[in-house]
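Summary of the model geometry
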Amino acid sequence: MPQVIANIVAFCEARLVEIAERFTDELRNRYANYTAMDRAVLLQAVTTSLKTLIHAIGTGDLKPFLDHARSIGKARARSGFMAADMFGALNELRRVAWNLIEDFNREHQTVTVNHVRRL
């Protein structure tokens with residue numbers, strides 16, 4: 001793994017609690033199905049999802065993340081979630097990830113287009 005990717009992973013891990021809290025609150029503020037969820041339950045799910053994503057970035061092994069995503073999707077479908085809320089959550093996750101890369105790069109000025117493609 002390139003050192004820059006390892007540094008981004010460490011950067012994300014160090015901010016995991018803050019990121020999970022902010023992401024949870026964004027979901028609850030924007031999407032009805034997430035608003036109805038218990039915040040602690042949603043926070044735990046978001047934290048697990050972010051940990052799984054960070055692990056995938058660090059190792060390059062997408063299987064655990066994809067398995068986790070499928071599991072979450074099935075659970076949300078069984079509980080009657082609207083597809084629009086699920087797609088919205090994915091877009092929020094993309095926004096969170098991009099903001100993290102930008103924050104990291106503001107501090108370190110080392111991220112290249114190739115790093116972003118890998119991420």
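Refer to the structure presented above.
An account of the accompanying structure is given in this report. (Residues numbered from 1 in each chain as written. Predicted model: local features only at pLDDT ≥ 70, side-chain atom pairs only at ≥ 80, totals over all residues. Heavy atoms only, no water.)

This paragraph deals with the pattern of salt bridges. Once the charged atoms of two side chains with opposite charge are near each other, the side chains can pair. Evaluated as defined, the whole model comprises 10 salt bridges. The closest approach of N and O atoms between Glu-18 and Arg-22, which form a salt bridge, is 2.7 Å. Of this pair, Glu-18 and Arg-22 both sit in helix α2 (residues 16–30), four residues apart, roughly one helical turn. Accessibility expressed as a relative area gives 46% for Arg-22, which makes it partly exposed. A salt bridge links Glu-26 to Arg-30; its shortest N-O distance comes to 3.0 Å. Here the residue Glu-26 and the residue Arg-30 both occupy positions in helix α2, the gap between them amounting to four residues, near one helical turn. Here the residues in one salt-bridge network are Glu-26, Arg-30, Glu-92 and Arg-95, joined through shared partners. (Salt bridge = Lys/Arg side-chain N within 4 Å of Asp/Glu carboxyl O. Helix = DSSP H or I, 4+ residues; strand = E, 2+ residues; numbered from the N terminus. Buried < 20%, exposed > 50% of the residue type's maximum accessible area, 1.4 Å probe, protein only.)

Take the nonpolar core next. Core analysis: the largest hydrophobic core is formed by 30 residues, its most contacted members being Phe-23, Leu-27, Tyr-34, Val-46 and Leu-50. Of all the elements in the fold, those that place two or more residues in this core are α1 (3–14), α2, α4 (39–59) and α6 (83–108). With seven residues, α4 is the largest single contributor of residues to this core. The residues contacting Leu-27, other than those within four sequence positions of it, are Tyr-34, Leu-42, Val-46, Ala-89 and Glu-92. (Core = buried A, V, L, I, M, F, W, Y, C linked by side-chain atoms within 4.5 Å. Contact = heavy atoms within 4.5 Å.)

Here the focus is α6. For an α-helix the count is 3.6 residues per turn, leaving residues at separations of three or four pointing the same way. Along its 26 residues, α6 runs 38 Å from first to last C-alpha, staying within 8% of the 38 Å computed at 1.5 Å per residue. Turning to α6, its buried residues are Asp-85, Gly-88, Ala-89, Glu-92, Leu-93, Val-96, Leu-100, Ile-101 and Phe-104. A positive phi of about 50° marks Gln-109, the residue just after α6. (Expected span 1.5 Å × (residues − 1).)

Moving on, we get to unusual backbone geometry. With phi around 50°, Gln-109 is a residue other than glycine that occupies positive phi space. Checked against the element boundaries, Gln-109 lands in the loop between α6 and α7 (113–118). Given the relative accessible area of 59%, Gln-109 is considered exposed.

Any functional reading would require information that these geometric values do not contain.
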